[in-house]
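Structural description and commentary
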2 protein chains.
Amino acid sequence: MLSPEEWTLNKSSQTPLHQQIYEYIQSKIMNGEWSIGTRIPAQRDLAKKFQVNRSTIVYALGELTADGLIESKVGKGTIVVNNTWSLLASTPPPDWNSYVKSGSYQPNIQIIQDINKAETNPKIIRLGTGELSPELLPAEKMQQMFQSRSRMFSLGYSEPKGSIHLRELLSEYLKAKGIIASPSSILIVSGGLQALQLISLGLLHRGSTIFLETPSYLNSVHVFQSAGMNLFGIPMDHEGLLTDSLGRFKRQHNGALLYTIPSFHNPTGMLMSSNRRIDLVNVCKKERLPIIEDDVYGDLWFDRSPPAPLKAIDNQGLVLYMGSMSKTVGPGLRIGWIVGPEPVIDRLSDIKMQTDYGSSSLSQFAVAEWLSSGFYDEHIKKIRAELKCRRDFTIDILNAHFKDLASWNIPEGGFYIWLCIHKQIPIRKLFAKALNEGILLNPGNVYVRNDQQHLRLSYCYASLGQLKKGLIRLSELIQELSK
Amino acid sequence: MLSPEEWTLNKSSQTPLHQQIYEYIQSKIMNGEWSIGTRIPAQRDLAKKFQVNRSTIVYALGELTADGLIESKVGKGTIVVNNTWSLLASTPPPDWNSYVKSGSYQPNIQIIQDINKAETNPKIIRLGTGELSPELLPAEKMQQMFQSRSRMFSLGYSEPKGSIHLRELLSEYLKAKGIIASPSSILIVSGGLQALQLISLGLLHRGSTIFLETPSYLNSVHVFQSAGMNLFGIPMDHEGLLTDSLGRFKRQHNGALLYTIPSFHNPTGMLMSSNRRIDLVNVCKKERLPIIEDDVYGDLWFDRSPPAPLKAIDNQGLVLYMGSMSKTVGPGLRIGWIVGPEPVIDRLSDIKMQTDYGSSSLSQFAVAEWLSSGFYDEHIKKIRAELKCRRDFTIDILNAHFKDLASWNIPEGGFYIWLCIHKQIPIRKLFAKALNEGILLNPGNVYVRNDQQHLRLSYCYASLGQLKKGLIRLSELIQELSK
Ligand SMILES: Cc1ncc(COP(=O)(O)O)c(C=O)c1O
Ligand SMILES: Cc1ncc(COP(=O)(O)O)c(C=O)c1O
């Protein structure tokens, strides 16, 4: 669906509104932006966008139909069928739509597309969004850093594994977590998601299986599935991923890797216990099952730091460890890292070079300055306190309004509360009803297929006022639907 | 091969050098960075890196062999075979090497790997490198921009197609080239290479064929081949790509797309004539063959701007147009753009979101500021003058020293001269001999398979002094080898 975001009607112009709309769409078609086969947005969406009566739209589209430029097709909506050039020419233009349907990459899941779309509405209350609220992002401090620092940055391509200066700083940073990693075993990537993308392109066969927690963030992205891999969920208990059946699963399902988020798991907020970590590393050693440890939330603890990462327990190069600046300093930086055995890092670095020639040197510079100046430590302390306060606030609301409706965990860090609704209610309907009232939810089925019981709540994005208003209304909606 | 970049010997320490090296490698193995199966760098490479006698290396490796940590295997070099943990345990660790050999992505071509490696040597004279010399990159001006601007940047995720502010500015920028593109038909990407990567993931089937010029930049990267597509080269004459057989080739080879670099082609420096452009667009319309127009060098003209881009001639959405800041302001920004029909841009944007959640917002901010402040125009004028002067300087040297050895084009913009050596000489040997003397070449076979006659020269990277010294020595080497 197309969004005419760049254009608005001139309501004080002499040209009638329907004529302005006619000309706008005609120019889109004639310059090839709306190529043949493109679906025109629905009449009511156009009417809403341009804030005109639907009849104005009907009139404009009627003209375009009379010109032979568009056509309504049953079950397909209104489609561009011609443009000036093709009216004159004898051959039809290329059918881009057949290309759009090709390609190995699967489109985003529908519900995620719906969520992404709703997120562009600035007034919506986002109860499940997994990113820091703009007011918690240190944009001003970043500005300040650029203004005060006199160290020069480079505008050239950076080293294949990323800026050596940044990798040295990360090596220090990781040491504090108990991870011994020299700069040559660290690869700078454009965020945690790209880390997963590189692993899928560089280390795995089509048809191999990735184990993961049930539920898991990984189910909300297509990075492995689009490369032809399968996901297989492993159950969790209150200490984390259950390890007893891993060996059997590996043999039965041709398991290639285990993906886990031990600290402040997305979406459950769970913290894997120290014992479970040791147990997991041992089982995976025994089964020769490599691990991807996703630690993007590890620094966001409230009262005490999490147990040592799996990577710190591993002395065998069993674990590929990944981190990111997205959840702490800002996702706009697009900076993350992968740590692992050098041959693996070398391979991933080669693929990274082949797909985008490395990450932004400006962003790498900024992260290096944050780490070396102490800005990072200062900022992260502030964010921990902020998030803890927001968690407490949210838990209080849950206690007051959800006691009989649902149960939940109390996270010790990170962003998420995994709300389990007691009664069976139609979650899809809940989502739609809430959206209609300006409240955006993240339903459980984004993270585990066919889930009908959970919502991922997050206290990192919405303001306290919005959290209160949104959650109370949510409790009412759940009550209504469970009648 | 592993580069111990992060560590140096302490030559004034009491610990003998061989002991320091022993401990260094032992720790690499014990913490899993050099996992089982990792190949240790060759003795002479280690000796060179650490600047010690080879005997010191032999001694240290002997100790490690005695420990049972490494083993020399005929034809495979010295391999890590054990680590402390695995010496104690009964089960072997995971075999990462089998993973490194998996994955759909092909490793970089050997000669490119060699070139990349040689480029890390700061003293080498780079006669073929396709990026602006660090002294031409406006790092200081960028610094200044960050210091003076008071507009705030965002650290959040940006809109799915990239910053709307930047897309509006690009829409203006493209208008000056005759391209009508509204912001919603523009996608911000992390450089031109990523544009190609997204097209390969999002629009093409495995087994489809991409047409391209012979020779072409595209042969130096694996982006389409790794996704299972074939490349098929089309010959060129002095006006550009030959169009007569395109239709026949399309039918014979299941052609899906044509990739072309009409302005200041990489590697030939060729400028496609205005007539050929019109001809090409007409043929492709007739054959319904979509075009990728790679215009990353388009702004780098010397005396007059190139003819209108194919995209400006196209009114049918036949052309996907791509540009980048890499060749003008700096590759470290990692900012490029794709312009095309909206359904195609929507699809590519979805995949971009699924693979890395968008490009660096810092870089997007910087590019927007450059375009809106006039810094870009100012800078590009300077670069044009600089490059023209370097071209003239280089052509003078060729006239003085290569008259009887080779022929070449005189580029009207961009970076490249395609040197055709008259006598048949072993180019691989020329490459090695030159490298040995500190001169790095880009042989023609990087851009067209089995080429034995060409070198890509570039006048954008090496200093004038280096160009002179390097080219004169090159002429002597060619003479020696053609005897
Ligand atoms: C567990 C986990 N890993 C990785 C990511 C990817 O984040 P980014 O690519 O911004 O670093 C996220 C973001 O939602 C996440 O929750
Ligand atoms: C023709 C052409 N296209 C695209 C690129 C990719 O450049 P970037 O990804 O840095 O924009 C290059 C760089 O060498 C090139 O020569």
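Residues numbered from 1 in each chain as written. Chains lettered and ligands numbered in written order. Predicted model: local features only at pLDDT ≥ 70, side-chain atom pairs only at ≥ 80, totals over all residues. Heavy atoms only, no water.

Brief notes about the overall build of chain A
Rules: Think of it this way: any DSSP run of H or I at least four residues long counts as a helix, any run of E at least two long counts as a strand, and we number them from the N terminus. The globule rule is 2.2 Å times the number of residues to the power 0.38, and the radius of gyration it is compared with is taken over C-alpha atoms. Each residue gets one of three labels from its accessible area relative to the maximum for its type: buried under 20%, exposed over 50%, partly exposed in between, using a 1.4 Å probe on protein chains only. Should any heavy atoms of two residues lie within 4.5 Å, those residues are considered in contact. Note that accessible areas follow from Shrake-Rupley with a 1.4 Å probe, and for residues the cover is restricted to the protein chains shown. The charge count includes Lys and Arg as positive and Asp and Glu as negative, but it does not include His or the ends of the chains. In plain terms, the charge of a residue is placed at NZ if it is Lys, CZ if Arg, CG if Asp and CD if Glu.
Regarding its fold elements, chain A presents 17 helices and 17 strands. The C-alpha radius of gyration computed for chain A amounts to 25 Å, which stays within 12% of the reference 23 Å derived for 483 residues, consistent with globular compactness. Taken along its principal axes, the extent of the C-alpha atoms in chain A is 70 × 60 × 55 Å. Out of the 483 residues in chain A, the part that is buried amounts to 60%. Pairs at least 24 residues apart make up 72% of the contacts formed inside chain A by residues separated by at least 6 positions. Total accessible area on chain A stands at roughly 18400 Å², and carbon and sulfur atoms take up 50% of it. Treating the 52 positive side-chain charges of chain A as one cloud and the 45 negative ones as another, the clouds have centres 4 Å apart.

Quick notes on helix α13 (residues 342-356) of chain B
Residue and element names in this part refer to chain B. Formally: Multiplying 1.5 Å by the helix residue count minus one yields the expected span of that helix.
Helix length check: α13 (15 residues) gives 21 Å between terminal C-alpha atoms against 21 Å at 1.5 Å per residue, within 8%. Of all 15 residues that make up α13, 14 are buried, and the element is covered over most of its length. Just past α13, the residue Y357 takes up positive phi, approximately 55°.

Quick notes on the sheet that holds strand β14 (residues 416-421) of chain A
All names here are of chain A. Stated precisely, the cut-off is as follows: For two strands to pair, DSSP has to find at least two bridges joining them.
Spatially, the four strands line up as an open sheet ordered β13-β14-β17-β16, and their pairing is antiparallel. Only two strands of the sheet have a single neighbouring strand rather than two, namely β13 (406-407) and β16 (442-443). Pairing analysis gives five bridges linking β14 to strand β17 (residues 454-458), with the strands arranged antiparallel. Bridge pairing in β17 links L419 to L455.

Focus: the UniProt feature "domain: HTH gntR-type" (unreviewed entry) in chain A
The condition that has to hold: UniProt positions are given in the numbering used here, feature names are shortened, and annotations may be inferred rather than shown by experiment.
As recorded in UniProt, the sites labelled "domain: HTH gntR-type" (unreviewed entry) are residues 15-83 of chain A. Strand forms 12% of residues 15-83 of chain A and helix 51%; the C-alpha atoms that close the span are 23 Å apart.

What to know about the interface of chain A and chain B
Interfaces are frequently sized by the accessible area removed from exposure as the parts join. Worth spelling out the cut-off: Each of two parts loses accessible area, computed with a 1.4 Å probe, when they are put together; buried area is these two losses added. A side-chain nitrogen of Lys or Arg and a carboxyl oxygen of Asp or Glu constitute a salt bridge if their distance falls within 4 Å. Polar contacts here mean pairs of N or O atoms no more than 3.5 Å apart (in protein, one a potential hydrogen donor and the other a potential acceptor; neighbouring residues in sequence count only if both atoms are side-chain atoms). In the scheme used here, Gly and all other residues not listed as nonpolar or charged are polar, with Ala, Val, Leu, Ile, Met, Phe, Trp, Tyr, Cys and Pro taken as nonpolar and Asp, Glu, Lys and Arg as charged.
Facing the 112 residues of chain A at the interface are 112 residues of chain B. Approximately 9700 Å² of surface area, both sides summed, lies buried where chain A meets chain B, with 56% of it carried by carbon and sulfur atoms. When the buried area of chain A at its contact with chain B is split by residue, A:W96, A:L155 and A:Q354 rank highest and sum to 9% of it. Where chain A touches chain B, the interface holds two salt bridges. One salt bridge connects B:K28 with A:E342, and the closest N-O pair in it is separated by 2.5 Å. Taken together, chain A and chain B are joined by 27 residue pairs in polar contact (both at pLDDT 80 or more). Among the elements that line the side of chain A that touches chain B, the one with the most residues is helix α13 (residues 342-356) of chain A, at eleven residues. Residues that form the side of chain A that touches chain B fall into these classes: 49 nonpolar, 41 polar and 22 charged.

Some words on the relation of the copies chain A and chain B
Condition: Copy-to-copy superposition: least squares on the C-alpha atoms, limited to residues that have pLDDT of at least 70 in both copies.
With an RMSD of 0.1 Å, chain A superimposes on chain B once it is rotated by 180° and translated 0.0 Å along the axis. Look at the turn and shift together and you get a two-fold axis relating the two. Scanning chain A for the C-alpha nearest the rotation axis identifies A:Q147, at a separation of 2.2 Å. Mapped onto chain B, 100% of the interface residues of chain A are again interface residues, and the two copies thus contact each other with one and the same surface.

Here we look at unusual backbone geometry
Residue A:T214 is joined to A:P215 through a cis peptide bond whose omega torsion reads -5°. Relative to the helices and strands, A:P215 is located in the loop between β5 (209-213) and β6 (230-234). Along the chain, B:N266 connects to B:P267 via a cis peptide bond; the corresponding omega equals 15°. Checked against the element boundaries, B:P267 lands in the loop between β9 (255-260) and α11 (274-287). Although it is not a glycine, A:N450 adopts a positive phi angle of roughly 65°. As for its placement among the helices and strands, A:N450 is situated in the loop between β16 and β17. Residue class for A:N450 comes out exposed when judged on its relative accessible area of 64%. Even without being a glycine, B:Q51 presents a positive backbone phi close to 55°.

Structural notes on the packing of helix α6 (residues 110-119) of chain A against helix α16 (residues 427-436) of chain A
Residue and element names in this part refer to chain A. Definition in use: Between N-to-C directions, angles span 0 to 180 degrees; the directions come from axes that are lines fitted to C-alpha atoms, helices contributing only their stretch in contact. Oblique is the label for any angle not covered by the other classes, which are roughly parallel (under 35 degrees), roughly antiparallel (over 145) and roughly perpendicular (65 to 115). Each crossing is labelled by how the near helix is turned from the far one, with a counterclockwise turn of less than a right angle marking it left-handed and a clockwise turn marking it right-handed.
Interaxial distance between α6 and α16 falls to 13 Å at its minimum, and their mutual angle equals 15°. When the axis of α6 is compared with that of α16, the two are roughly parallel. At the point where α6 passes α16, the crossing takes the left-handed sense. Seen from α6, the contacting residues are I111, D114, I115 and A118; seen from α16, they are R428, F431 and L435.

Structural notes on the site of ligand 2
Operational definition: Here a residue counts as near a molecule or strand whenever at least one of its heavy atoms sits within 4 Å of it.
Contacts to ligand 2 come from 16 residues, most closely from B:G192, B:D294, B:Y297, B:S324 and B:S326. Mapping the residues adjacent to ligand 2 onto the chains of the assembly identifies chains A and B. Within the side chain of B:Y297, one N or O atom sits 2.6 Å away from an oxygen atom of ligand 2. B:K327 is positioned such that a nitrogen or oxygen atom in its side chain is 2.8 Å from an oxygen atom of ligand 2. Here ligand 2 has 400 Å² of accessible area as a free molecule, and 97% of this is covered by the chains.

Re the site of ligand 1
Taken together, 16 residues surround ligand 1, and among them A:G192, A:D294, A:Y297, A:S324 and A:S326 come closest. Two or more chains meet at ligand 1, and those chains are chains A and B. Note that an oxygen atom of ligand 1 is positioned 2.7 Å from one of the side-chain N or O atoms of A:N266. Contact with the protein chains removes 97% of the 400 Å² of surface that ligand 1 exposes when unbound. Residues of the shell around ligand 1, tallied by class, amount to eight nonpolar, five polar and three charged.

Considering the packing of aromatic side chains
Applied cut-off: Whether two aromatic rings pair depends on their centres lying within 6.5 Å, for rings of Phe, Tyr and Trp, where Trp uses its six-membered ring; planes under 30 degrees apart make the pair stacked, over 60 edge-to-face, and the rest tilted.
Across all of its chains, the model carries 29 aromatic pairs over all chains by this definition. Centre to centre, the rings of A:F415 and A:Y416 are 5.8 Å apart; their planes meet at 75°, and the pair counts as edge-to-face. Residues A:F415 and A:Y416 agree in their burial class; the two are buried. Geometrically, the ring pair formed by B:Y297 and B:F415 is edge-to-face, given 5.3 Å between the ring centres and 75° between the ring planes.

Focus: the sheet that holds strand β10 (residues 291-294) of chain B
Residue and element names in this part refer to chain B. Taken in spatial order, the seven strands line up as β4-β12-β11-β10-β9-β5-β6 in an open sheet, and their pairing is mixed. Edge positions in the sheet fall to β4 (186-189) and β6 (230-234), since each has one partner strand and no second. If you compare each strand with its neighbour and ignore which way they point, the axes differ by 20° on average. Two elements, strand β5 (residues 209-213) and β9, share four bridges in a ladder whose sense is parallel. Following the sheet pairing, F211 is matched in β9 by L258. Contacts between helix α8 (residues 164-175) and the sheet are confined to β4, β11 (319-324) and β12 (336-339), with β4 contributing the most and set at about 115° to the helix.

Comments concerning a positive patch on the surface
Residues and elements named next belong to chain B. Cut-off, in case you're wondering: Patches in this entry comprise residues that are over 30% relatively accessible and not in a salt bridge; like charges within 9 Å are linked, as are nonpolar side chains (Val, Leu, Ile, Met, Phe, Trp, Tyr) within 5 Å.
The grouping of R44, K48, K49, R54 and K117 at the surface amounts to a positive patch. For the positive patch, the element with the highest residue contribution is helix α2 (residues 43-50), accounting for three residues. Summarising the element assignment, R54 is placed in helix α3 (residues 54-66).

What to know about the environment of B:S407
Residue and element names in this part refer to chain B. Residue placement: S407 occurs in strand β13 (residues 406-407). In this structure the C-alpha to C-alpha distance between S407 and C420, which are 13 residues apart in sequence, comes to 5.2 Å. Leave out the neighbours within four places in its chain, and S407 touches W418, L419, C420 and H422.

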